[in-house]
Amino acid sequence: MQTPASPSSADAAMATGRPPDQRLASIDLLRGLVMVIMVLDHVRDFFHDQALAFDPLDLERTYPLLYATRWITHFCAPVFVFLAGVSAWLQFARGKTRLELSRFLLTRGLWLVLMELTVISFGWHWRLDFLFLQVIWAIGWSMVALAGLVWLPWKVVLAVGAGILLGHNLLDGVQAQDLGAAAPAWALLHQQAPILIAGKLWGLVAYPLLPWIGVMALGYGLGPAFLQPERRRHVLLLGLGGGMVLLFVLLRATQVYGDPDGWRVWPAPGRTAMDFLSTTKYPPSLLYACMTLGPALLLLPALEKLKGRWAEPWATFGAVPFFFYIAHIYLAHAASSLLALAQGYPAWGVSDIFRNGQALQGFGLPLAWTYLIWVAAVVALYLPCRWFAGVKRRHPGGVLSYL
């Protein structure tokens, strides 16, 4: 029996004008697309001979192809987290009560955090004495936060998400080292920082949580837009996406607010453009969010027109995102370990790159090779993902909903 705070799926459909059981394939397509791009970034980390020699976005040292290889992957995390919020709303619209949805988000969020601390950390380092708290960590805790937020009306959740994204850069001046005993908590929320215990390095908080909670809440709050009739849905998505891009351009050009790192005019126009687009990811600034989510929303209406064999691979990857994520880390790291052995290093040599943050002299391949390995990895992942997507379709719900 539904409580007044938990309207039925029919009520949700009446509010949105679209039957809730109709799945929008464009969501899986977009998620699959950004995940394939994500593999490029991680293959570059594991294979490129300059992976940690310098930051690919360092305009004093980078070159256009390397810059583009890294910059394009900025779309992955925000789109993935945003769509997780949208998917949570769609579960509610399809009939889950608030209690069922809240319980699922809480348990799955904690499950993802556990996976980040164990299976995923081991996949990155072949050991468990270094915790690399990345996007799955952020998604997990964002789901835990959303488990509480779903008890509020969707418009309030939308306001919370938008408020966090619009306002969190006001906190940029607050530094963990100035907060005494509260420093670790602030590093978890809003400042990328190493994890130090008794003076020993145990890991890195790569994804401070507060802005990511805002991104997921924004996705949930915008969920009703995805169930509108097609024409209205497209107008909403194009308007929201275009508005975010325009806000990015205006704020970035004037440098009045929205990102702690500014930009300058370089002698070469191309360098100026690259500097203009180099926004802050750790934690994601307002301009970073606008720069990535805006174009993603603009792309969604076009993806709805992608059908048949051109759409199937992306939709397959997008339907099993967690399986894909785990598989690609282990595949890329295992292949990189084989390369290390072939080049005369221990199999765990590449793991030390991530552990120590220092380039391994003589290890790796030119950038062109990393592109070939990226394509091979994506092709290798297709059949396992297709098989697992079929398993999930045949056995919906239960334990498989956590994978």
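Because the structure is a prediction, the values reported are computed rather than measured.

Caption draft 1: Geometry of the overall build of the protein. Across its full length, the protein carries 16 helices and three strands. The C-alpha atoms of the protein give a radius of gyration of 21 Å, which matches the 22 Å a tight globule of 403 residues would have. Each principal axis of the C-alpha atoms in the protein carries an extent, and together these give about 65 × 50 × 45 Å. Nonlocal contacts in the protein, meaning residues at least 24 apart in sequence, comprise 74% of its contacts between residues at least 6 apart. When the accessible surface of the protein is summed, it comes to about 17800 Å², and 70% of that surface belongs to carbon and sulfur atoms. In the protein, which carries 29 positive and 21 negative side-chain charges, the distance between the mean positions of the two groups comes to 10 Å.

Caption draft 2: Fine view of helix H10 (residues 230-254). Between its first and last C-alpha atoms H10 spans 36 Å; for 25 residues at 1.5 Å apiece the expected length is 36 Å, and the two agree. Looking at H10, one finds that the buried residues are Arg233, His234, Leu237, Gly241, Met244, Phe248, Leu251 and Arg252. Tucked inside the fold, the buried residues of H10 contact helix H11 (269-276) and helix H12 (286-303). One or two residues past the end of H10 sits glutamine 255, with phi positive at roughly 55 degrees.

Caption draft 3: Fine view of the sheet that holds strand S3 (residues 200-205). In space, the three strands of this open sheet follow the order S1-S3-S2, with mixed pairing throughout. Unpaired on one side and paired on the other, strand S1 (131-133) and strand S2 (193-197) mark the two borders of the sheet. Ignoring strand direction, the axes of neighbouring strands in this sheet form an average angle of 25 degrees. Relative to S3, S2 is paired through five bridges, and the arrangement is antiparallel. Residue pairing for S3: isoleucine 197 is matched across the bridge by lysine 200.

Caption draft 4: Fine view of the state of the cysteines. One pass over the structure, following the stated rule, counts zero disulfides. No disulfide involves cysteine 290; its nearest neighbouring cysteine sulfur is the one of cysteine 76, lying 18 Å away. The class of cysteine 290 is buried, set by a relative accessible area of 3%. This cysteine, cysteine 385, is not joined by any disulfide, and cysteine 76 carries the nearest cysteine sulfur, 15 Å off.

Caption draft 5: The environment of alanine 147, seen in detail. In this fold, alanine 147 is placed in helix H6 (residues 135-149). Separated by 44 residues in the primary sequence, alanine 147 and arginine 103 have C-alpha atoms spaced 6.9 Å apart.

Caption draft 6: Summary view of the side chain of arginine 108. With respect to the secondary-structure elements, arginine 108 resides in helix H5 (residues 98-125). It turns out arginine 108 is buried and unbridged, and the closest side chain with the opposite charge, aspartate 28, is 11 Å from it. A distance of 3.3 Å separates the side chain of arginine 108 from the backbone oxygen of serine 401, its partner in a polar contact. If we skip the residues at most four places from it in the chain, arginine 108 touches Met143, Phe322, Ser401, Tyr402 and Leu403.

Caption draft 7: Fine view of the pairing of S3. Direction of pairing for S1 relative to S3: parallel, over a ladder of three bridges. Looking at the pairing, leucine 133 lines up with valine 205 of S3. Here S2 folds back onto S3, and the loop between the two strands holds two residues, one of which, alanine 198, carries a positive phi near 55 degrees.

Caption draft 8: Quick peek at the pattern of salt bridges. Per the stated rule, a full pass over the model turns up six salt bridges. For aspartate 28, the salt bridge is made with arginine 31, and the minimal N-O distance between the two is 2.7 Å. With a gap of three residues between them, aspartate 28 and arginine 31 both fall in helix H2 (residues 25-47), about one helical turn apart. Arginine 31 shares its class with aspartate 28; the two are buried. Several salt bridges converge on common partners, so that one network encompasses Asp41, Arg44, Asp45 and Arg70.

Caption draft 9: Inspection of the packing of aromatic side chains at higher detail. The full count for this structure, using the stated rule, is 19 aromatic pairs. Seen in terms of ring centroids, tryptophan 89 and tyrosine 220 are 5.7 Å apart; in terms of plane orientation they differ by 80 degrees. Their pairing is edge-to-face. Of this pair, tryptophan 89 sits in helix H4 (residues 76-93) while tyrosine 220 sits in helix H9 (residues 210-221), and the two are 131 residues apart along the sequence. By the burial criterion, tryptophan 89 is buried, and tyrosine 220 matches it. Each ring, one from phenylalanine 323 and one from phenylalanine 388, has its centre 4.6 Å from the other, and the planes form 15 degrees; the classification is stacked. Remark: phenylalanine 388 occurs in helix H16 (residues 367-394) and phenylalanine 323 occurs in helix H14 (residues 321-342); sequence separation between them is 65 residues. A cation over an aromatic ring shows up here: lysine 96 above the ring of phenylalanine 104, its NZ or CZ 4.0 Å from the ring centre. Above the plane of the ring of tryptophan 266 lies arginine 264, whose end atom (NZ or CZ) is 3.8 Å from the centre.

The rules behind each value
Residues numbered from 1 in each chain as written. Predicted model: local features only at pLDDT ≥ 70, side-chain atom pairs only at ≥ 80, totals over all residues. Heavy atoms only, no water. Helix = DSSP H or I, 4+ residues; strand = E, 2+ residues; numbered from the N terminus. Rg over C-alpha atoms; globule rule 2.2 N^0.38 Å. Contact = heavy atoms within 4.5 Å. Areas by Shrake-Rupley, 256 points an atom, 1.4 Å probe, with all protein chains shown as cover. Lys, Arg positive; Asp, Glu negative; His and termini not counted. Charge placed at Lys NZ, Arg CZ, Asp CG, Glu CD. Expected span 1.5 Å × (residues − 1). Buried < 20%, exposed > 50% of the residue type's maximum accessible area, 1.4 Å probe, protein only. Pairing = 2+ DSSP bridges. Axes fitted to C-alpha atoms, helices over the stretch in contact; angles between N-to-C directions. Disulfide = S-S within 2.5 Å. Salt bridge = Lys/Arg side-chain N within 4 Å of Asp/Glu carboxyl O. Polar contact = N/O pair within 3.5 Å; in protein donor to acceptor, adjacent residues only side chain to side chain. Phe/Tyr/Trp six-rings, centres within 6.5 Å; stacked < 30°, edge-to-face > 60°. Lys NZ or Arg CZ within 6 Å of the ring centre and 35° of its normal.

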